[in-house]
Amino acid sequence: MLPYLQYTFPNDIHIHWSIMIVMYPYITGLVAGAFIVSSFYHVFQKKEYQPIGRFALLTSLAFLLCATLPLLNHLGHPERALNIMITPNFSSAMAGFGILYTSYLVVLILEIWLVFRKDIVHFATTYKGIRALPYRILTLGVYDVSDEAIKTDHKVITILATIGIPSACLLHGYVGFLFGAVKANPWWSTPLMPIIFLFSAVVSGIALLIILYQLMAIFRGTEVSQDCVRGLARWLWYFQIQTVTLELLEIITLSYERNEAWEIIAPLLTTKLAFSFISVQMVLGSLIPFILLMVTVLLDKYLHPKVRNSLTFFASILLLIQVFAMRWNVVIGGQIMSKSLRGLRDFHPEFLAKEGILPAMLIFALPFVLLYFLVKVLPPFEKERQLAS
Amino acid sequence: MGKGHHRHLIRAAILLGAAIFLFFVVRALLIPKSFGLYGHFRGENLAEQASLPIVHGNPNSCAECHDDVWKIKLAGRHAAVPCQDCHAPLTQHVTEDGVQPMPIHKTFALCARCHQKLEAKPKTFPQIDFHEHVVSKDKNLENEEICLSCHQPHSPMGEK
């Protein structure tokens, strides 16, 4: 390998937006998706999703708290990240980040606080000493859990959850917008981009919750609510169809228009992205789960719960891979095309580098660790049992 | 809704208000004084940039003392390639304490920077697959200074 040292000629060799920039939309997508699932119960009052309503909120929070990590790791000067909050430059779409992220964070924390307030008060009064302290602080000194107070809480929760849906959609749609608005890159520049990002975010959120819910049930030795899984499988199938249709529509449009961009996008898809786009995103991640979910939804009444659980579980894993592949193909694919659109470049992610595969895996593991602690502090499933005691 | 049943909400609202207030206080403290003076940046930065020492010389600043090389280069295919791109900045060479040695890079890594075959470059730009170019001419790429055995760097297509 010959060294390419200086900058005298636009050599356009390095792919600057690494796996970290793939992780970022992936994680924010899970944030938005998990929140949408929580709203099935908290806004649309669908009783079958009650078992995961609270858990979905905690999942969304755990991922939200880690959403900025890949970006911070990517930045050469992470401490300057705050500048985007302090002096946002509104002629850049990036300025929206601070506002969208914080406002969604506030809405989410408030909603979680209210949803869990009864439990918080319960723990604050039953636990002793140091263990009670965090809960005491969280009560804000108000121990009022009378029916009236809870009723007021419910009203506010509905309002917050309702505000939360557009906030979550904006937070993630904005990520898609960042790519969709790069007009120099024909693989990104499409108004469909925010919508594709959003739909695939919902897919990944539902898939993640199906997986986590079933795993939690196994570890806690409880039943998996079939109504819940059945409902989630339906939504998952629906959103998957939407997502893949949109993804294909974009490509069909590009291909049909046959403008100069297709000259480079066609070879991109059939050479450098052949594996990650055709094999992973379209076949393994779209076609197979489509069939699995079709069986789950259409043959529902013939399915044994174990079969239903396994089908949705497996489809969910494939869909999580699909969404990751989609982020990869957008972020990395868009950069594999040289900026001159004259040809394709190579991308070889390293394993141990600062922005390598290992840091990406660690960053992705972190929200799960966080979620573990959140679930310890605010048990989302044990509502009935705790409150009965 | 009985009165007094939303005390916790009021407290939360006060807390949120305090946090927002705190943000604006901290923000006011963190924004540099000269920010926004001329535009969306720190005004003082202009003066800071302007006071940085000059490193590179004018592209024809070498001509003064190296008239011979300068003329060769102007007549050849590297006419447009600045001397300092291949050697080093002027200030490293000509200092107040006299003339310091100027680096000469002789390996093909120098030429690779600009001539390595890359899809991203315009087809009209001369670029080569090093291996093919050298080996097809019965030469050995192990010799790091191989390019110079056929090309004169200051006039690469001229007589060596």
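Residues numbered from 1 in each chain as written. Chains lettered and ligands numbered in written order. Predicted model: local features only at pLDDT ≥ 70, side-chain atom pairs only at ≥ 80, totals over all residues. Heavy atoms only, no water.

1. A closer look at the domain arrangement of chain B
Residues and elements named next belong to chain B.
No. 1: Each assigned domain of chain B is listed with its residue range as follows: domain 1 (8-51), domain 2 (53-104) and domain 3 (105-160).
No. 2: Of note, the centres of domain 2 and domain 3, computed from C-alpha atoms alone, are 22 Å apart.
No. 3: In this assembly, 11 residues from domain 2 lie in contact with 10 residues from domain 3.
No. 4: Summed over both partners, the interface of domain 2 with domain 3 buries about 950 Å², with 58% contributed by carbon and sulfur atoms.
No. 5: Taken together, domain 2 and domain 3 are joined by zero salt bridges. (Domains from an automatic or database assignment. Contact = heavy atoms within 4.5 Å. Buried area = accessible area lost by both parts, 1.4 Å probe. Salt bridge = Lys/Arg side-chain N within 4 Å of Asp/Glu carboxyl O.)

2. So, a nonpolar patch on the surface
All names here are of chain A.
No. 1: A cluster of nonpolar side chains, namely Ile-278, Val-283, Leu-284, Leu-287, Ile-288, Ile-291, Ile-317 and Ile-321, defines an oily patch on the protein surface of about 570 Å² accessible area.
No. 2: By residue number, the principal contributor to the nonpolar patch is helix α12 (residues 274-298), which donates six residues.
No. 3: Assignment of secondary structure puts Ile-288 in helix α12.
No. 4: Look at Ile-288 and you get partly exposed, because its relative accessible area is 33%. (Patch = residues over 30% accessible without salt bridge, like charges linked within 9 Å, V, L, I, M, F, W, Y side chains within 5 Å. Areas by Shrake-Rupley, 256 points an atom, 1.4 Å probe, with all protein chains shown as cover. Helix = DSSP H or I, 4+ residues; strand = E, 2+ residues; numbered from the N terminus. Buried < 20%, exposed > 50% of the residue type's maximum accessible area, 1.4 Å probe, protein only.)

3. Some points on unusual backbone geometry
No. 1: The phi torsion at Gln45(A) lies on the positive side, around 55 degrees, for a residue other than glycine.
No. 2: In this fold, Gln45(A) is placed in the loop between α1 (19-42) and α2 (50-66).

4. Side note on the packing of α2(A) against helix α9 (residues 192-220) of chain A
All names here are of chain A.
No. 1: Where α2 meets α9, the closest approach of the two axes is 11 Å, and the angle between their N-to-C directions is 115 degrees. α9 is crossed by α2, and the crossing has right-handed handedness. In this structure, α2 uses Pro-51, Ile-52, Phe-55, Ala-56, Thr-59 and Phe-63 to contact α9, whose residues at the interface are Leu-208, Leu-209, Leu-212, Tyr-213 and Met-216.
No. 2: The residue makeup of the contact of α2 with α9, split by class, is 10 nonpolar, one polar and no charged. (Axes fitted to C-alpha atoms, helices over the stretch in contact; angles between N-to-C directions. Left-handed = near helix turned anticlockwise from the far one by under 90°. Nonpolar A, V, L, I, M, F, W, Y, C, P; charged D, E, K, R; others polar.)

5. Here we look at the interface of chain A and chain B
No. 1: Of the residues lining the interface, 37 residues belong to chain A; the matching set on chain B comes to 33 residues.
No. 2: With both sides pooled, the region where chain A packs onto chain B buries about 3,000 Å², and carbon together with sulfur makes up 68% of that total.
No. 3: Seen at the junction of chain A and chain B, the total is zero salt bridges.
No. 4: Along the contact surface separating chain A from chain B lie seven residue pairs in polar contact (both at pLDDT 80 or more).
No. 5: Those elements that place two or more of their residues in the side of chain A that touches chain B are α4 (83-86), α5 (96-115) and α8 (147-180) of chain A.
No. 6: With six residues, the single largest contributor to the side of chain A that touches chain B is α8(A).
No. 7: Residues that form the side of chain A that touches chain B fall into these classes: 19 nonpolar, 11 polar and seven charged. (Polar contact = N/O pair within 3.5 Å; in protein donor to acceptor, adjacent residues only side chain to side chain.)

6. Quick look at the domain arrangement of chain A
Interfaces are often described in size by the accessible area the parts lose on coming together.
All names here are of chain A.
No. 1: Assigned domains within chain A: domain 1 (15-181 + 349-389) and domain 2 (225-347).
No. 2: Between the C-alpha centres of domain 1 and domain 2 there is a distance of 26 Å.
No. 3: With 21 residues of domain 1 in contact, the opposing surface of domain 2 contributes 19 residues.
No. 4: Roughly 1,800 Å² of surface becomes buried between domain 1 and domain 2 when both sides are summed, with 79% attributable to carbon and sulfur atoms.
No. 5: Looking at the side of domain 1 facing domain 2, the largest losses of area belong to Ile-15, Val-22 and Tyr-26, adding up to 38% of the total buried there.
No. 6: Where domain 1 meets domain 2, there are zero salt bridges.
No. 7: Between the two partners, domain 1 and domain 2, sit seven residue pairs in polar contact (both at pLDDT 80 or more).
No. 8: Here the side of domain 1 that touches domain 2 takes 10 residues from α1, the largest share from any one element.
No. 9: The residue inventory of the side of domain 1 that touches domain 2, partitioned by class, reads 16 nonpolar, four polar and one charged.

7. Description of α5(A)
No. 1: Between its first and last C-alpha, α5(A) extends 28 Å over 20 residues, near the 28 Å set by a 1.5 Å rise per residue.
No. 2: Burial analysis of α5(A) places 14 of its 20 residues in the buried class, which makes it a mostly covered element. (Expected span 1.5 Å × (residues − 1).)

8. Digging into the side chain of Ser155(B)
All names here are of chain B.
No. 1: Relative to the helices and strands, Ser-155 is located in the segment after α7 (130-135).
No. 2: A relative accessible area of 11% places Ser-155 in the buried class.
No. 3: If we skip the residues at most four places from it in the chain, Ser-155 touches Ile-72 and Gly-76.

9. A few points about the pattern of salt bridges
Residues and elements named next belong to chain A.
No. 1: Counted under the stated rule, the structure contains nine salt bridges over all chains.
No. 2: Asp-227 is the partner of Arg-230 in a salt bridge, and the nearest nitrogen-oxygen pair spans 2.9 Å. Note that Arg-230 and Asp-227 are positioned in helix α10 (residues 226-257) at a spacing of three residues, about one turn of the helix.
No. 3: Arg-230 sits in the partly exposed class, given a relative accessible area of 23%.
No. 4: The partner of Lys-272 in a salt bridge is Asp-346, with the nearest N and O atoms 2.5 Å apart. Here Asp-346 lies in the loop between α13 (305-336) and α14 (357-377) and Lys-272 lies in helix α11 (residues 262-272), a separation of 74 residues in the sequence.
No. 5: Exposure remark for Lys-272: the relative accessible area of 34% places this residue in the partly exposed category.
No. 6: Residue class for Asp-346 comes out partly exposed when judged on its relative accessible area of 47%.

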